[in-house]
Amino acid sequence: TAEIREKLREQETNGTYNWSLLRHVKSDEPGRVAHYVAIDQNSKTAVIAVKGTSALSDLVTDACGVPTRYNVSKTTLSCHEGVLDASLALVDDVQPMVEQLFLPAGYRVLLLGHSLGAGVACMVGLFLRERLPTLREERDGVLPLQVVAFAPPPILSSEAAVAASSFTTSVVNNDDLVARMSLNALVALRRFLRIVYDRMEEKGLRPNVKGAARALTQAWLESPVVGEDQIMTAEEIFEGLNEARGGGDVKGFEE
């Protein structure tokens, strides 16, 4: 808590912000996320910042990745079970503050999160907009609720993600795997590794640690030009990836 206060004070040095920490909630329980709430009187902004994975309990929440159906604004969404549970708990916690304090005082709400916290921030934004219609009405061309998600995991169906895009900004650093880590992606990865495995056997390379090391050496060090020593050409890699993605549904996880 002291560290958060210090970081908020650092933002005051240029005289633009005047942050006050209202709440800091720690959590070591699966299905719950740590977060803090702060307000800036100058810009009339209330920040709800949600922490990412950093404890064993967070890993348990991450691992509960079964798609779960939930109704939002007369629409049934498919979302990540663990993130859904954590989001419902958090929105119940912060809604009274948003409804009875921030909105009457004319504050806009900014939801921030990283990784697991980014997924929760996205869901909380959806729930708050459903429960409090005022948050869907623009004021002077600015939405009263916005979400900025850093490295958000894929926790919504594509239709739900598009529906949330009007008030959500996702920030992904290059090839960060968190933003691509879904059950379907794991199924596709497993299928592609099977294709690589079969190709290694065809080349007489044992698919173990030593064989993999030798394969990498042949593919990248000894064969700068495509030749017989390479396990797979670039075209074959892309073909294998497309083949792996082609049947990438959750049912295939048991194959």
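Up top is the structure.
In this text the structure is predicted, and so the values were computed from the model without any measurement.

**Let's talk about the packing of helix α6 (residues 183-202) against helix α8 (residues 234-246)**
Here comes step 1: Between α6 and α8, whose axes approach to 8 Å, the crossing angle comes to 135°. Relative to α8, the element α6 is oriented oblique. As α6 packs across α8, the resulting crossing turns out to be right-handed. Touching A188, R191, F192, I195 and R199 of α6 are E236, I237, G240, L241, E243, A244 and R245, all from α8.
Here comes step 2: Of the residues assigned to the contact of α6 with α8, the class counts are six nonpolar, one polar and five charged.

**As for helix α3 (residues 81-102)**
Here comes step 1: Given a rise of 1.5 Å per residue, 22 residues ought to cover 32 Å, and the 29 Å separating the end C-alpha atoms of α3 matches this to within 8%.
Here comes step 2: At V94, α3 shows its maximal bend, which comes to roughly 40°, and the proline P96 appears one to four places after that position.

**Observations concerning helix α4 (residues 116-131)**
In an α-helix, one turn spans 3.6 residues, which is why side chains three or four residues apart end up on the same side.
Here comes step 1: Counted at 1.5 Å a residue, the expected span for α4 with its 16 residues is 22 Å, and the 23 Å between its end C-alpha atoms agrees.
Here comes step 2: For α4, the tally of buried residues reaches 14 of 16 residues, placing the bulk of the element in the interior.

**So, the pairing of strand β3 (residues 45-50)**
Here comes step 1: In terms of residue burial, β3 counts as a mostly covered element, since six of its six residues are buried.
Here comes step 2: Covered by surrounding structure in β3 are T45, V47 and A49 together with A46, I48 and V50, the residues of both alternating faces.
Here comes step 3: Here strand β2 (residues 35-40) pairs with β3 via six bridges, running antiparallel. Bridge pairing links Y36 to A49 in β3.
Here comes step 4: Connecting the antiparallel pair β2 and β3 is a turn made up of four residues, with K44 showing a positive phi of about 55°.
Here comes step 5: Here six bridges tie β3 to strand β6 (residues 108-114), and the two strands are oriented parallel to one another. Bridged to T45 within β6 is R108.

**A closer look at the pattern of salt bridges**
Pairs can form between side chains of opposite charge once their charged atoms are near each other.
Here comes step 1: Applying the stated criterion across every chain yields a total of seven salt bridges.
Here comes step 2: Of the charged contacts, one joins R9 and E6 as a salt bridge, the two residues approaching to 3.0 Å between their closest N and O atoms. With R9 and E6 both in helix α1 (residues 2-10) and three residues apart, this pair spans about one turn of that helix.
Here comes step 3: Under the relative-accessibility criterion, R9 is labelled partly exposed at 44%.
Here comes step 4: Of the residues examined, E6 reaches a relative accessible area of 38% and is grouped as partly exposed.
Here comes step 5: A single network of salt bridges, built from pairs that share partners, joins R199, E202 and E236.

**Some details on the nonpolar core**
Here comes step 1: One finds V98, F102, L111, V120, M123, L128 and L145 to be the most contacted residues of the largest nonpolar core, which totals 44 residues.
Here comes step 2: Put simply, the parts of the chain that give this core at least two residues each are β2, β3, β5 (75-80), α3, β6, α4, β7 (145-150) and α5 (158-164).
Here comes step 3: Among residues more than four places away in sequence, those in contact with M123 are C79, V83, L84, S87, I155 and L156.
Here comes step 4: By size, the runner-up hydrophobic cluster in this structure holds eight residues, among which are L8, W19, A38 and L110.

**Focus: the environment of E201**
Here comes step 1: Among the structural elements, E201 can be located in helix α6.
Here comes step 2: With 30 residues separating them in the primary sequence, E201 and I231 have C-alpha atoms 9.7 Å apart.

**Describing the layout of surface pockets**
Here comes step 1: The calculated volume of the largest pocket comes to roughly 750 Å³.
Here comes step 2: Lining the largest pocket we find 27 residues, and of these H80, P154, M181, S182 and L183 sit closest to its centre.
Here comes step 3: Secondary structure elements with two or more residues in the lining of the largest pocket: α2 (56-63), β4 (67-72), β5, α5 and α6.
Here comes step 4: Each residue belonging to the lining of the largest pocket can be placed in one class, and the counts come to 16 nonpolar, nine polar and two charged.
Here comes step 5: Lining the second largest pocket are 14 residues, with A185, A188, L189, F192 and L241 positioned closest to its centre.

The rules behind the values
Residues numbered from 1 in each chain as written. Predicted model: local features only at pLDDT ≥ 70, side-chain atom pairs only at ≥ 80, totals over all residues. Heavy atoms only, no water. Axes fitted to C-alpha atoms, helices over the stretch in contact; angles between N-to-C directions. Helix = DSSP H or I, 4+ residues; strand = E, 2+ residues; numbered from the N terminus. Parallel < 35°, antiparallel > 145°, perpendicular 65-115°, else oblique. Left-handed = near helix turned anticlockwise from the far one by under 90°. Contact = heavy atoms within 4.5 Å. Nonpolar A, V, L, I, M, F, W, Y, C, P; charged D, E, K, R; others polar. Expected span 1.5 Å × (residues − 1). Bend = angle between axes of the 7 residues up to and from the residue. Buried < 20%, exposed > 50% of the residue type's maximum accessible area, 1.4 Å probe, protein only. Pairing = 2+ DSSP bridges. Salt bridge = Lys/Arg side-chain N within 4 Å of Asp/Glu carboxyl O. Core = buried A, V, L, I, M, F, W, Y, C linked by side-chain atoms within 4.5 Å. 1 Å grid on protein atoms, 1.4 Å probe; cavity = no way out; pocket = protein on both sides within 12 Å on 5 of 7 lines; lining within 4 Å. Points joined across faces, edges and corners; volume = space filled by probe spheres on them.

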